Structures are given as C-alpha cells and as structure tokens.
Amino acid sequence: MKRQEIWIDEYYKDSRFGLRGKVLFKKTSKFQEIIILETEYYGRALMLDGCWMTSYRDEKYYHECLVHPALSSIEKKSNILIIGGGDGGTARECFKYSQVKNIDLVEIDKEVIEVSKTFLPEIGGNTWNDKRLSIHIEDGIKWVKTKKENYYDAIFIDCSDPSEFSNLLFSENFYNECKRILKQKGILAIQSESPESFKNIHIHILKSIKKIFAASKTMYSFVPVYPSGIWSWTFASNQELNFQNPICEEILKIEKSCDIWSLNYQNGAFKMMPNKIIKEIS
C-alpha cells in the first residue's frame, strides 16, 4: 500500500512550522520521539520530540555555520568534542580539516545515530567509518566533568532546543566546565537558538557566555525549517579571535567544499545581530 502524505508541524506559541510528506520511521526511544519524514522539496527530515532537527535540503545552512567559523579561526584543531550531533553533519564538516586527529562525539540517545545512519546517510557520509571518530553514548553534562583541564582544541554544542534532558546544556555551570577543559587558544561553538522564536533563551546564552569567556561573537543566518527561519551560532574563547582573517591554510579548499559557508558569507553574518538583541545584552 502506498504511504499517504501528511502534514507534520512543529508548534511554537501561536505559530506552526510544517512539512508535508510520508512517514518513513516513527519510534519513541528512551529519551524522545523520533520521526523521519520524506518530503518532495526538503528531502528526508528528522524531527525529535516535535521539533525539526534537520533535512537534506537545509542541513548545510546549520552544520557549515556551526563548524567553519570556529575551526578556521584557531591554529590547532587536532582534538575535538561534539556534544549531540547524532546526525553526523557536524563531524562531517570537522573532518574537512586535515589537522583533525580525534573527535569525541557524545550523544545521549543511541537511537538518533542509528536512525540517521539508516535514513539520513548523506548527512553523515563517510564520517561513521572514519577511525578518528569515537562515539560515546553518554550524557554530555557528565562527560565534560570527567575530562582534564586544557584538553580540547574545539568544543561544539550541537544539541536540540532546551527540554527535560537538555536544559543543563544551556546552563552557566556547563559553560564553565567547557571553559575548563578547553585549551587556552581553543574555541567553543554553540547553536544559540533563534533571536526571534527563542529570544529569551538566545539572550540567556549570549549573556552567560559573555560573563564566562574573555571573548565571544555571534553570527546569524537561516535554517529554513526552523521556527521563524533565522538562527544563530555563538563562538567563545579564552582569548581574542580574529574572524576576519582566519588562521587556516586550507581555507580555499574548505570554501569550495561548502554550499553555504564562505569567509564572505561569515563576515556578513557576524554583522547581522538585530538591534533589539544588542540593546538587551549591552
């Protein structure tokens, strides 16, 4: 029997953000409901607990903007931590840098990885077979507490929106632990929510990071399937970073491999902070 197309919506306040397609997979894991929807325009899309996480058509808007401003701006990038990232997209972008020797991917829900491997293989690509990738099915909050100081060159927080089991990933205590295990010249990269749909969470993240790290900067771009479309990524370090002139010999090759990100795109995106956000964090 041919599967019938249906609308599946993400609801937020008085809005809903939906895709129409055929449900390929639906299951409730130990932590959340997981849905894979196959659509005509966006391709296959992943929803977790009623929130769109990624789709084939727009995943690069998210993953490229999370990874490349960070890794192109630091000199050393051999040892990397990804918290979340179960679809494989963030690790895929990290492996574009030849310096990367190890990635610890810490994902609390094993089902997200297995479902992504099966239904979203183009996002992870060859990442899952790369010997430099170590997968840990653990709580990211507990993981950072176990690592010694000055351990990682880069930390990526690629988590879902705040929920019952992810709220602590947005806390000052967690950011302090990240600072502790980050090398002096390392960088923390966070998906910092939408300045429109999740304004209060967004401002909380920016204020917390500014309080804890010596330097931080936020860029804005678009992820079409996310609530309101506009999204943000915040980067922080224990020292000043120059995003205008990144320290990376591979930059031209990296740019050619990307669909969305480039230095030109990045430089514009760092200038897009809405004035209402500037007023609130000043």
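Everything quoted here is computed from the prediction, not taken from an experiment.

**Brief notes about helix H3 (residues 110–119)**
Looking only at H3, the buried set comprises Val112, Ile113, Val115, Ser116 and Phe119. Residues of H3 that are buried sit in contact with strand S2 (15–28), strand S3 (33–39), strand S4 (44–48), strand S7 (102–106), helix H4 (121–124) and strand S8 (133–136). The backbone nitrogen of Glu111 has a side-chain oxygen 3.1 Å away, supplied by the residue at the start of H3, namely Asp109.

**Side note on the packing of helix H6 (residues 172–181) against helix H7 (residues 199–212)**
Where H6 contacts H7, the axes come no closer than 10 Å and their chain directions differ by 40°. Relative to H7, the element H6 lies oblique. Note on packing geometry: the crossing formed by H6 with H7 is right-handed. Together, Glu172, Tyr175, Asn176 and Lys179 of H6 and Ile205, Ser208, Ile209, Lys211 and Ile212 of H7 make up the contact between the two elements. In the contact of H6 with H7, the residues fall into 4 nonpolar, 2 polar and 3 charged.

**Some points on the packing of aromatic side chains**
What describes a pair of aromatic rings is the distance from one ring centre to the other and the angle between the planes of the rings. Enumeration over the complete set of coordinates arrives at 10 aromatic pairs. Geometrically, the ring pair formed by Phe25 and Phe119 is tilted, given 5.4 Å between the ring centres and 45° between the ring planes. In this pair, Phe25 is assigned in strand S2 and Phe119 in helix H3, connecting sequence segments 94 residues apart. We note that Phe25, like Phe119, is buried.

**Regarding H6**
Within H6, the full set of buried residues consists of Phe174, Tyr175, Cys178 and Ile181. Each buried residue of H6 sits inside an arc of 130° when the element is viewed along its axis, so together they form one side. Elements in contact with the buried residues of H6: strand S6 (79–84), helix H5 (140–146), strand S9 (152–158), strand S10 (182–191) and H7.

**Some details on the sheet that holds strand S1 (residues 6–12)**
Here 5 strands make up an open sheet; going across it, the order is S1-S2-S3-S4-S5 and the pairing antiparallel. Every other strand in the sheet has two partners, leaving S1 and strand S5 (51–55) as the edge strands with one partner each. Along the sheet, successive strands turn relative to each other by an average axial angle of 45°, direction set aside. Helix-sheet contacts for H3 involve S2, S3 and S4, and the interaxial angle to S3 is about 15°.

Conventions we followed
- All residue numbers refer to positions counted from 1 along the written sequence of the respective chain.
- Local features in this predicted model are restricted to residues of pLDDT 70 or higher, and side-chain atom pairs are both shown and tallied only at a pLDDT of 80 or more, whereas totals for entire chains, interfaces and linings draw on every residue.
- The side-chain figures draw on all heavy atoms in the structure; neither hydrogens nor water molecules are used.
- In this scheme, a residue with accessible area under 20% of its type's maximum is buried, one over 50% is exposed, and one in between is partly exposed, where area comes from a 1.4 Å probe on protein chains only.
- A run of DSSP states H or I qualifies as a helix once it reaches four residues; a run of E qualifies as a strand once it reaches two. Both are numbered from the N-terminal end.
- Throughout, a contact is declared for two residues whenever any of their heavy atoms are within 4.5 Å.
- In protein, a polar contact requires one atom able to donate a hydrogen and another able to accept it; more generally it is a pair of N or O atoms within 3.5 Å, and residues adjacent in sequence count only if both atoms are side-chain atoms.
- A fitted line through C-alpha atoms represents every axis, and for helices the fit uses only the stretch in contact; the resulting angles, taken between N-to-C directions, go from 0 to 180 degrees.
- To sort the angles, those under 35 degrees are grouped as roughly parallel, those over 145 as roughly antiparallel, those from 65 to 115 as roughly perpendicular, and the leftovers as oblique.
- Crossing handedness is read from the near helix: turned anticlockwise from the far helix by less than a right angle, it gives a left-handed crossing, and turned clockwise, a right-handed one.
- Charged means Asp, Glu, Lys or Arg here, nonpolar means Ala, Val, Leu, Ile, Met, Phe, Trp, Tyr, Cys or Pro, and polar covers whatever is left, Gly included.
- Stacked, edge-to-face and tilted labels apply to pairs of Phe, Tyr and Trp rings (six-membered ring for Trp) whose centres lie within 6.5 Å, assigned for plane angles under 30 degrees, over 60, and everything in between, in that order.
- Comment: arc refers to directions from the helix axis out to C-beta atoms.
- For two strands to pair, DSSP has to find at least two bridges joining them.

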